Every structure is written in structure tokens, then in C-alpha cells.
Amino acid sequence: MKLALALVAATSCTVFQRPLVAPPNDQATVLLVTGGLGHPIEKIARHPWFAARRAGETQWTIWEVGGGGSADDPFDNQPYLEPVLHGVWRGAAGADAIACLEREAPPWLAALHYRVWPGPNSNSFGDVMLRRCDLHASLPVTAIGKDYRGLVGASWTTEGTGLQIETPVLGLRVGLKEGVEIHVLGLGFGFDLWPPALIVPIGSGRLGVADR
Amino acid sequence: MTRATSAMALTIGLVVGARGALASPPQGVALLHLDASYLHDRQAGTGLGLAGFRLHGLIGTDAPIAYFGGLDLRAGTTNPGGFAYQTDLYLLGGGRRLGRTGLLGVAAGVGASGAVGTLDDAVDLPVEALFEANLGGRLRVLGRARAVWLLAAPGRADGAPHFGWTDELDATFAVRVGHRYRDSGIPSGNGYFVGVSYREARGAQWVGATLGYSVDVGSP
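Because the structure is a prediction, the values reported are computed rather than measured.

(A) Summary view of helix 2 (residues 91–110) of chain A. All names here are of chain A. Counted at 1.5 Å a residue, the expected span for helix 2 with its 20 residues is 28 Å, and the 29 Å between its end C-alpha atoms agrees. Taken as a whole, helix 2 has its buried residues at Gly94, Ala97, Ile98 and Ala105. Lining the buried residues of helix 2 we find strand 2 (29–36), strand 3 (46–53), strand 4 (60–63), strand 6 (81–90) and helix 3 (122–132).

Okay, structure coming up:
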């Protein structure tokens, strides 16, 4: 029973999580952040946003579905709870990412016919921007809709070292870094090779080392 | 009473119980479970691990009995290894709301189950009884039992030694620790649960544990 309780307590646990500290504004910066949806589904559904800031600026520009605009704090995006930082691009990479988001995000958002499930939704936006802008990071498995590829689709993974083939019912993501992730009706299970973690459809989506 | 007769009687009862449930403004309860379970047959030394989700809903009016249905989708592995799956769609059922987000329901449906190399693929005709109720602010009890009649799998027929009227049976009782909320007038809750599971199949008794996370939402 002790083991069971320990497993329960650890179910949404990740170690070496990135600290929620905004980098200084001496360089162009783009952050990929997700936050949990409101109660009672904050542990099983997350929403992503990109926070972008050019060198010297004090305000962040938020790119997301259903919001956006400017913000003082890139991690305070109401009503989303328990923010997690998944990716940071700085300097020339940050400037390229800002230019790409400004080019790719507005037309994608304008053409969006939103569907909560299976997509396209806010997580599909995050996934598409990561791939179009060549930003190597993974959205958590609880970002349901990140794997939306239409009725049937295949692509490179956002990390860039794997492939995935998806339908709304079943999907598979396999990669050198990504490990193996099985998707069932949008829920993901599997294991990440690097950083090592079990993939679970709860909380941050990982039981192990935080993705970075 | 034969097994077929008892299944038919239960089905008619569910139809009668659920009639008229959608006649006026709906109210109800929705439950989502994400869980993983492992059951072990000590005699044979084999095991079955499944993970997936269960989505159940109760929708009706002020009538005593409301419509109850659900979807279970689970996949995993046997021990020794082999892909295993179990999916059930419950379309015909009736139930009653307990408090704001609790319920007691019974539903019948159709599904499929099997495991590579160890369990013949079968068409399932399951009947599930489900009970959930809050105990105070943080605790919630979860119970479910499922009897299954199997088609197209003669090797799994009459596999429940203590329940001869069905082919297989499984049950879980769990306790959830979590939170309850009322946002915008909508009662809801979530939390992690741990429980014991029992299964009778292939002429043997299987015992194991279930871990999971569940969300419940009720109409205002």
C-alpha cells in the first residue's frame, strides 16, 4: 500500500523543472509556456502560449489561441493555472523565432476553425508553430490536440528527431529523443528517451525528468 | 433462468427505467477516469495490466431514473508479454444522481477484448454497475462491477468460477483523495485514487490494484 500511495503522489511529478524566471531583455527571447485549464480539469488538459520579446523591450508579446496581446509577466496568463516552461530561445535563435511567429501565427489563427477535440485547437497551434518555425521542443502530452493531423496525417516530430502518424483515434510518435508515445483518443502514454521519463496523461505529462 | 433470459430481462429493465429521461431540461453528472490496473492470477502465475480511460455520463430530468451511458477504452499487456485491449461502449442504461456529482448507474453495451497469444479475441456484451459518492470535502468512494457475456471466444466461456451466470466478471473499489470545487455554480472535483481490483476469468480468480485520476462534474 505504501508503494501504491507513493506512486499516486508521484504521478504528476517531474524533477529538474525549468524555473519560472524570465530571462533578461539583453537579447531577443521566445519562451514556450503551458498552463493548466481551469478546475476541475487542470491536471488533464493544458494550453500553450509563446511569449516573445525583442532585445531592449520590457513587454512580452503573447501568441496563443483565444488571447494574446502584451504582458509584463510571461508566466501569468489568466485563467491558466500551474504554468510550466518548456522551451527558451535566445539571441539569434530568439530573433528568428520572433520573425517566424509574426509571419506564421496571424494567418494560421485567422484561418482556425476551432474544435475542442480532436483539434485543431490551441495545442494544435503550438505544435504547428514549433514545426514551422523549427523550434525544437515538445508540448506535454496533456496538451490534447497537439497531435492533430486531420483524419490521417504524418509529420516529423517537433523535436526534429522522430516521426509521428496520427488519426483522431490512434496515433504513434517515435523518435531518437522522443522515445515512444502512443495516442489513444488524444490521450498519450509511453516513455521519453531523453530526458528520461514515463509519459502519462496527467499533470505535466511526465513522470521523471522534465523535458528541455 | 438461462443466461440469455437473464440478460434480456436486464436489458428490458434498463429500457423501461431510462424512458423519458430526456424529456425536459437536462441535468446530470459526467465522470472521467484515467487509470492503470494490474491483476495477478496466483495459481497460473500470469497477469494482466491495462491502462486507459473511462468516460461515463448521467443525463436526465427530475425523474427518479436518468439515462446513463459510457465508454471504456483500455490497452496494455499480459504477463508474460502480449498486447491486450478492452473497450466497451455502454449505450443503454439508467441511473440516479447522488448528491451533486455522485451517481449510481447500471448500463449494458457492446465491446471487444483480447490479448495476443493468451486471450482469444471476443465480442463483449458487458453490463456494468457503477457507484460514486463524495465523503466529505476531500474523499470520494468509487466502485464498479462488470459482468461480461462473450461471443466468438469459446475458450473464455464460463470463465467465472463463482458467478456461473456470466462468462467473466471484474470489479474495483477505490478511494479518491482530492478536491471539490464550485466554479460559476458548477460543482466539480478531481483527485487521485487507489483501489483493489478483482477479476474472474478463464476459470481463475485474479486480484490486483488500480491507480488513477478522476474528474467529476455535475450540472448546477
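Right, picking up where we left off after that structure.
(B) Just the sheet that holds strand 10 (residues 179–184) of chain A, in detail. The sheet built from eight strands is open, its strands ordered 1-13-12-11-10-9-8-7 (chain A) with mixed pairing. Pairing within the sheet leaves two strands with one partner each, and these edge strands are strand 1 (14–15) and strand 7 (153–156) of chain A.

(C) Quick peek at the environment of Pro48(A). Residues and elements named next belong to chain A. Tracing the backbone shows proline 48 in strand 3. Take proline 48: there are 30 C-beta atoms within 10 Å of it, and that puts it in the buried class. Along the sequence, proline 48 and glycine 36 sit 12 residues apart, while their C-alpha atoms lie 9.0 Å from each other. Discounting residues that sit within four places of it in the chain, proline 48 has contacts with Leu32, Val33, Thr34, Glu64, Ser122, Asn123, Gly126, Leu139 and Ala143.

(D) Highlighting the pairing of strand 9 (residues 186–201) of chain B. Residue and element names in this part refer to chain B. The pairing of strand 8 (residues 168–183) with strand 9 spans 15 bridges and is classified as antiparallel. Residue pairing in the sheet places leucine 169 in a bridge with glutamate 200 of strand 9. Pairing of strand 9 with strand 10 (residues 204–218) involves 14 bridges; the strand directions are antiparallel. Note that in strand 10 the partner of glycine 191 across the bridge is serine 214. Hairpin connection of strand 9 to strand 10: two residues between the antiparallel strands, including arginine 202 at a positive phi of 55°.

(E) The arrangement of unusual backbone geometry in detail. In this structure, Pro195(A) follows Trp194(A) across a cis peptide bond, with omega equal to -5°. With respect to the helices and strands, Pro195(A) occurs in the loop between strand 11 (187–192) and strand 12 (197–199). Between Asn79(B) and the following residue, Pro80(B), the backbone shows a cis peptide bond with an omega angle of 5°. By the element assignment, Pro80(B) lies in the loop between strand 3 (66–79) and strand 4 (83–98). Although it is not a glycine, Asp134(A) sits at a positive phi angle of roughly 60°. In this structure, Asp134(A) sits in the loop between helix 3 and strand 7. Phi is positive for Asp158(B), close to 50°, though the residue is something other than glycine. Mapped onto the elements of the fold, Asp158(B) is located in the loop between strand 7 (139–151) and strand 8.

(F) Region of the structure containing the sheet that holds strand 10 of chain B. Read around the barrel, 10 strands follow the order 1-2-3-4-5-6-7-8-9-10 (chain B) and close on themselves; strand pairing throughout is antiparallel. On average, each strand axis in the sheet is tilted by 20° relative to the strand beside it, whichever way the strands run.

(G) Molecular detail of the packing of helix 2 of chain A against helix 3 of chain A. Residues and elements named next belong to chain A. It is the contact of helix 2 with helix 3, at a shortest axis distance of 10 Å, that shows an interaxial angle of 140°. Regarding helix 2 and helix 3, the two cross each other, and that crossing is right-handed. Facing Cys100, Leu101, Glu104, Ala105, Trp108 and Leu109 of helix 2, the residues of helix 3 in contact are Phe125, Val128, Met129 and Arg132. Partitioned by chemical class, the residues of the contact of helix 2 with helix 3 number eight nonpolar, no polar and two charged.

(H) Expanded view of the nonpolar core. By size, the foremost hydrophobic cluster in this structure holds 35 residues, and its most contacted members are Ile199(A), Leu48(B), Leu58(B), Ala66(B), Phe68(B), Ala84(B) and Ala107(B). Secondary-structure elements contributing two or more residues to this core are strand 12 of chain A together with strand 1 (27–41), strand 2 (46–60), strand 3, strand 4, strand 5 (102–115), strand 6 (119–135) and strand 7 of chain B. Setting aside anything within four residues of it in sequence, one finds Phe68(B) in contact with Leu58(B), Gly93(B), Gly94(B), Gly95(B), Gly105(B) and Ala107(B).

Scoring rules and cut-offs
- Residues numbered from 1 in each chain as written.
- Chains lettered and ligands numbered in written order.
- Predicted model: local features only at pLDDT ≥ 70, side-chain atom pairs only at ≥ 80, totals over all residues.
- Helix = DSSP H or I, 4+ residues; strand = E, 2+ residues; numbered from the N terminus.
- Expected span 1.5 Å × (residues − 1).
- Buried ≥ 20, exposed ≤ 12 C-beta atoms within 10 Å, placed from the backbone.
- Contact = placed C-beta atoms within 7 Å.
- Pairing = 2+ DSSP bridges.
- Axes fitted to C-alpha atoms, helices over the stretch in contact; angles between N-to-C directions.
- Left-handed = near helix turned anticlockwise from the far one by under 90°.
- Nonpolar A, V, L, I, M, F, W, Y, C, P; charged D, E, K, R; others polar.
- Core = buried A, V, L, I, M, F, W, Y, C linked by C-beta atoms within 7 Å.

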